[in-house]
Amino acid sequence: MKHVIDIKDLSVEEIDSLIKVAKDIINHKEKYSHKCDGKKLATLFFEPSTRTRLSFESAMMELGGNVIGFSEASSSSVSKGETVADTIRVVGCYSDIIAMRHPKEGAPYVASMKSEVPIINAGDGGHNHPTQTLTDLLTIECEKGRLDNLTIGLCGDLKFGRTVHSLITAMSRYKNIKFVLISPDELKLPEYIKKDILEKNNIEYVETKSMDEYMKDLDILYMTRVQRERFFNEEDYVRLKDYYILNKAKLENAKKDLCILHPLPRVNEISTDVDDDPRACYFKQVRYGKYIRMALILKLLEVK
Ligand code: CP
């Protein structure tokens, strides 16, 4: 039985295969509509979500399966003091696969140690978000036609941004990837990711505070939200929240085929005047998320 807690739980070959299946689902939806008949997905969300929870639920329904779960801890027996480990043991009696989001880093890993069904990490604190990364990879593959030879700008909260951490880990396994890390000093990429992923794999990267400095070089611009829920101090959040705002003027020197991504939700960091730009791919990215999660459910349930 396989769990997906970290993007590294999937090899490059497995990711390529998931992307292939997701593309086939996009082109032949009817072929997949009964693949999970009689199966149940449990979505256990101890932290708020729109895209991840609903795309998992939609994915399972489009495969013919059913969905159970909760969208906030307060509506589960966790509010009475039940542990994550006990919750997982119980929910495993009612479901075939579990997608779980938790504010504490490592909680899905703990769950996987106790679970008798596959666990998918749907985001743990500021740590990892592997299925967002699968979404990002499918989007890049479909929009750019490749996952190698790319200069990727990551902008905003690189410290707490779990989507950024998982995406760097995943993209570092492809050839000729360069990163431009754009953040204020307070929200720089953690040292352990620079050392253990970028430097260990000889990946080229630069750090800058300027959104403009490297704009012309980028193939991908991955914007992120400054996350209020990760700050201990409201003053720091208020000072940093609008540090970067991407608007049409900022894109003047960008490549014509730049691909602008954002895991969403956005607050102010992308102006709505960018939404109509053909380079804005963040709403397409949402749609790709459902298809790659369908492919992942099929893989973990070992459905042919
Ligand atoms: N991208 C993402 O994780 O969005 P949600 O928080 O709405 O699930």
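Colleague: So what exactly am I meant to see when it comes to the overall build of the protein here?
Modeller: When you go through the protein residue by residue, the secondary structure sums to nine helices and nine strands. In terms of overall size, the protein behaves like a compact globule, its C-alpha atoms giving a radius of gyration of 19 Å where 304 residues would be expected to give roughly 19 Å. With respect to the three principal axes, the spread of C-alpha positions in the protein is 55 × 45 × 40 Å. Across the 304 residues that make up the protein, the buried fraction comes to 54%. Put simply, of all contacts in the protein between residues at least 6 apart along the chain, 73% involve residues at least 24 apart. Of the roughly 13700 Å² that the protein leaves accessible, carbon and sulfur atoms contribute 48%. Considering the protein, the positive charge centre built from 46 side chains and the negative charge centre built from 47 side chains are found 3 Å apart.

Colleague: Is there a simple way to think about the packing of aromatic side chains in this case?
Modeller: The description of two aromatic rings rests on the distance between their centres and on the angle between their planes. Taken as a whole, this structure holds three aromatic pairs when the rule is applied. Summarising the aromatic geometry, the rings of Phe46 and Phe70 are spaced 5.2 Å apart at their centres and angled 85° between planes, so their arrangement reads as edge-to-face. Here Phe46, found in the loop between strand S1 (40-45) and helix H2 (51-62), pairs with Phe70, found in strand S2 (residues 66-70); they are 24 residues apart in sequence, far enough to count as distant. Its end group placed over the ring of Phe56, Arg293 keeps NZ or CZ at 5.2 Å from the ring centre.

Colleague: Even after reading the chapter, I still don't get the layout of surface pockets, so can you show me in this structure?
Modeller: Over the atoms, a rolled probe matching the size of one water molecule traces out where space is still vacant. In this structure, the largest pocket encloses a volume near 410 Å³. Grouping the constituent residues of the lining of the largest pocket by class yields four nonpolar, 10 polar and eight charged. A domain-level breakdown of the lining of the largest pocket finds at least three residues from each of domain 1 (7-128 + 289-300) and domain 2 (130-286).

Colleague: What is the right way to look at the pattern of salt bridges in this model?
Modeller: Where charged atoms from two side chains of opposite charge come close, those side chains can pair. Inspection of the entire model under this criterion finds 23 salt bridges. A salt bridge links Asp185 to Lys209, with the shortest nitrogen-to-oxygen separation between them at 3.5 Å. Taken together, the residues Asp185 in the loop between strand S6 (177-182) and helix H7 (191-199) and Lys209 in the loop between strand S7 (204-208) and strand S8 (220-223) connect sequence positions 24 residues apart. The exposure class of Asp185 is partly exposed, given its relative accessible area of 48%. Exposure remark for Lys209: the relative accessible area of 44% places this residue in the partly exposed category. The partner of Lys195 in a salt bridge is Glu191, with the nearest N and O atoms 3.8 Å apart. Here Glu191 and Lys195 lie together in helix H7, a separation of four residues that amounts to about one turn. A relative accessible area of 49% means that Lys195 is categorised as partly exposed.

Calculation rules
- Residues numbered from 1 in each chain as written.
- Predicted model: local features only at pLDDT ≥ 70, side-chain atom pairs only at ≥ 80, totals over all residues.
- Heavy atoms only, no water.
- Helix = DSSP H or I, 4+ residues; strand = E, 2+ residues; numbered from the N terminus.
- Rg over C-alpha atoms; globule rule 2.2 N^0.38 Å.
- Buried < 20%, exposed > 50% of the residue type's maximum accessible area, 1.4 Å probe, protein only.
- Contact = heavy atoms within 4.5 Å.
- Areas by Shrake-Rupley, 256 points an atom, 1.4 Å probe, with all protein chains shown as cover.
- Lys, Arg positive; Asp, Glu negative; His and termini not counted.
- Charge placed at Lys NZ, Arg CZ, Asp CG, Glu CD.
- Phe/Tyr/Trp six-rings, centres within 6.5 Å; stacked < 30°, edge-to-face > 60°.
- Lys NZ or Arg CZ within 6 Å of the ring centre and 35° of its normal.
- 1 Å grid on protein atoms, 1.4 Å probe; cavity = no way out; pocket = protein on both sides within 12 Å on 5 of 7 lines; lining within 4 Å.
- Points joined across faces, edges and corners; volume = space filled by probe spheres on them.
- Nonpolar A, V, L, I, M, F, W, Y, C, P; charged D, E, K, R; others polar.
- Domains from an automatic or database assignment.
- Salt bridge = Lys/Arg side-chain N within 4 Å of Asp/Glu carboxyl O.

In short, shape yes, function no, at least from these values alone.
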